[in-house]
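Chain and residue survey
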Amino acid sequence: MGAAALAIALAALTLSPGGQAAEPVDTADLQALATGDMRKLTWSDGAEVPAITFQTEDGTEVTLADYAGTPVVLNFWATWCAPCRVEMPHLAQLQDDLGDTATVLTVATGRNDSAAMDRFFQEIGVTNLPKARDPDQSMARSLGVLGLPATLLIDPEGREVARLLGEADWSSDSARAIVTALADG
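Not measured: the values here are computed from a predicted model.

A short note on the environment of A150
Tracing the backbone shows A150 in strand β7 (residues 150–154). The exposure class assigned to A150 is buried, which follows from its relative accessible area of 6%. Discounting chain neighbours no more than four positions away, the residues touching A150 are L74, N75, F76, V145, L164 and L165.

Concerning the state of the cysteines
Per the counting criterion, the structure on display carries one disulfide. Disulfide pairing places C81 opposite C84 at an S-S distance of 2.3 Å. Because the torsion about its S-S bond is 80 degrees, the bridge between C81 and C84 counts as right-handed. Residue classification places C81 among the buried positions, given a relative accessible area of 3%.

Brief notes about the packing of helix α3 (residues 82–98) against helix α4 (residues 114–124)
Packing of α3 against α4 leaves a shortest axis separation of 10 Å and a crossing angle of 65 degrees. Judged by the twist between their axes, the crossing of α3 over α4 is right-handed. Of α4, the residues touching α3 (which contributes C84, R85, M88 and P89) are F120, F121, E123 and I124. Residues belonging to the contact of α3 with α4 are distributed by class as follows: six nonpolar, no polar and two charged.

As for helix α6 (residues 173–184)
Over its twelve residues, α6 runs 16 Å from end to end, which matches the ideal 16 Å to within 8%, given 1.5 Å per residue. Residues of α6 that are buried: S174, A175, I178, V179 and L182. Each buried residue of α6 sits inside an arc of 125 degrees when the element is viewed along its axis, so together they form one side. Away from its buried face, by an angle of more than 90 degrees, α6 presents the exposed residues D173 and D184. Those residues of α6 that are buried are in contact with α2 (28–32), β1 (42–43), β4 (72–77), α3, β7 and β8 (160–165). G185 lies just past α6 and shows a positive phi near 80 degrees.

Reading the values: rules and limits
Note that residues are indexed from 1 along each chain, following the sequence as it is written. Reporting in this predicted model follows two pLDDT cut-offs: at least 70 for local features of residues, and 80 or more for side-chain atom pairs to be given and counted; totals over whole chains, interfaces and linings ignore these cut-offs and use all residues. Heavy atoms from the whole structure form the basis of all side-chain values; hydrogens and water molecules are not counted. In this description a helix means any DSSP run of H or I spanning at least four residues, a strand means any run of E spanning at least two, and both kinds are numbered starting from the N terminus. Buried means the residue's accessible area, taken with a 1.4 Å probe over protein chains only, is under 20% of the maximum for its type, while exposed means over 50%, and partly exposed covers the values in between. What makes two residues a contact is simply this: any of their non-hydrogen atoms within 4.5 Å. Any two cysteine sulfur atoms within 2.5 Å of one another count as a disulfide. To obtain an axis, a line is fitted to C-alpha atoms, over the contacting stretch when the element is a helix, and the angle between two such axes runs from 0 to 180 degrees between their N-to-C directions. Take the far helix as your reference; a near helix turned counterclockwise from it by less than a right angle gives a left-handed crossing, and one turned clockwise gives a right-handed crossing. In the scheme used here, Gly and all other residues not listed as nonpolar or charged are polar, with Ala, Val, Leu, Ile, Met, Phe, Trp, Tyr, Cys and Pro taken as nonpolar and Asp, Glu, Lys and Arg as charged. By definition here, a helix of n residues has an expected span of 1.5 Å times n minus one. Arc definition: it is the arc formed by the directions from the helix axis to the C-beta atoms.

So this is what it looks like as C-alpha cells:
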C-alpha cells in the first residue's frame, strides 16, 4: 500500500459515524481526580466500544449505542461473585448521586437466572439499578473482561475511557467527580 493510500485509510479509521473526526479522549484531567479506589482505574485510549447486544431486564436486545449522549458506568457482575455483592450498593449510591447525569448499567454476565438476580438485589437492598444480562458472555468477551467485578467508564460518544477490575467504592467523591467531569466533556 502506498503512503497516500495508507494516509487515507488511517483518516477513515478516525472518523466518527457522523463523518467528523473523532477526538481522542484526553484523560489527564480525569486522572487528576482519581483518589482512593479510583487510583486502580486503567486509562484507555478512547476506542469505540463494539456494538455487541445484551438483554435488558425484560429481554429486549440493546447495545451501548442506545445510551449515547450520556456517560455510562458499565459494570459486569454475577450472582455468585462475592466482591460484586460488596460493590453493588456503591454503584447504586453513585446512580442516586448522579441522577440523569450518567447511567450506571449493571450487566450480569454468564449464567444468572432472573430469580437469582432478583434475590441478589433484594439481599443487598439495591432497587435503582438495571438487571441487564449477557447470558453467553459475548459482550464481556468482546470488551476483554476477564474477571468480575469489572467496571468500564464509557464517554457520551461511546468510547471507553477507563476500566477497573475488582471491587471499588463507586460512591466515593472521587468516582462521582470523575463521572461528572466525563459528563461535562
